[in-house]
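Observations on the model geometry
What follows is each chain in one-letter form.
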Amino acid sequence: MEIWINPACSKCRSALSLLDAEGAGYTVRRYLEDVPSEDEIRTVLGRLGLEPWDITRTQEADAKELGLRDWPRDAGARDRWIAALSAHPKLIQRPIITADDGTAVVGRTEEAVREALAKG
């Protein structure tokens, strides 16, 4: 199991606390420092079953500068969104937990973190 975190994020700290309390084995990826490639983002999106705009933090200053709210949300724009997430990792929703069974969740709630725990 791997968890993408921003240490300054309270949701990330809560997820880590729950994983620790449950004795889960996991690897931490500080994705602002160890920025995911476009291919890694594609892989995680596939595991999440989501599109890039579904995991984009549109309230961030970078999102506003890029004008993301006005970008199309369709297959033709998918690569543009993925490139923006890789170039501006602060835009990626967090924490993202990848489970050993090949799935992933955005672990913003205790329920989502528990879902990842159940899948290993």
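Above this text sits the structure in question.
Quick caveat: nothing in here was measured; it's all calculated off a predicted structure.

What counts, and at which threshold
- Residues numbered from 1 in each chain as written.
- Predicted model: local features only at pLDDT ≥ 70, side-chain atom pairs only at ≥ 80, totals over all residues.
- Heavy atoms only, no water.
- Axes fitted to C-alpha atoms, helices over the stretch in contact; angles between N-to-C directions.
- Helix = DSSP H or I, 4+ residues; strand = E, 2+ residues; numbered from the N terminus.
- Parallel < 35°, antiparallel > 145°, perpendicular 65-115°, else oblique.
- Left-handed = near helix turned anticlockwise from the far one by under 90°.
- Contact = heavy atoms within 4.5 Å.
- Pairing = 2+ DSSP bridges.
- Right-handed = clockwise from strand over helix to strand, strands pointing away.
- Expected span 1.5 Å × (residues − 1).
- Buried < 20%, exposed > 50% of the residue type's maximum accessible area, 1.4 Å probe, protein only.
- Arc of directions from axis to C-beta.

Focus on the packing of helix α2 (residues 38–48) against helix α4 (residues 78–87)
As a packed pair, α2 and α4 sit with axes 9 Å apart at the nearest point and diverge in direction by 115°. By the angle class used here, α2 and α4 are roughly perpendicular. As for the relative orientation of α2 and α4, their crossing is right-handed in sense. Together, Glu38, Ile41, Arg42 and Leu45 of α2 and Arg78, Asp79, Ile82, Ala83, Leu85 and Ser86 of α4 make up the contact between the two elements.

Looking at the pairing of strand β1 (residues 2–5)
Pairing of β1 with strand β2 (residues 27–30), which is carried by 4 bridges, proceeds in the parallel orientation. Counted as the bridge partner of Glu2 is Thr27 from β2. Each parallel crossover has a hand, and for β1 linked through helix α1 (residues 10–21) to β2 it is right-handed. Where β1 meets strand β3 (residues 96–98), 3 bridges bridge the pair, whose relative direction is antiparallel. If you follow Ile3 over to β3, its bridge partner there is Ile97.

Concerning the environment of Ala63
Inspection of the secondary structure puts Ala63 in helix α3 (residues 61–66). Sequence spacing of Ala63 and Glu115 is 52 residues, and the spatial spacing of their C-alpha atoms is 29 Å. Excluding residues that lie within four positions of it along the chain, Ala63 makes contacts with Arg57, Thr58, Leu68 and Leu91.

Details of the packing of α1 against helix α5 (residues 110–118)
Packing of α1 against α5 brings their axes to within 10 Å, and their N-to-C directions diverge by 45°. With respect to their mutual orientation, α1 and α5 come out oblique. The interaxial crossing formed by α1 with α5 has right-handed handedness. Contacts between α1 and α5 involve Ala15, Leu18 and Leu19 from the first element and Glu110, Val113, Arg114 and Leu117 from the second.

As for α1
Helix length check: α1 (12 residues) gives 16 Å between terminal C-alpha atoms against 16 Å at 1.5 Å per residue, within 8%. Looking only at α1, the buried set comprises Cys12, Ala15, Leu16, Leu18 and Leu19. Projected down its long axis, α1 carries its buried residues within an arc of 160°, all on one side. Looking at the packing, one finds that the buried side of α1 touches β1, β2 and α5. Phi for Gly23, located one or two positions after α1, is positive at around 70°.

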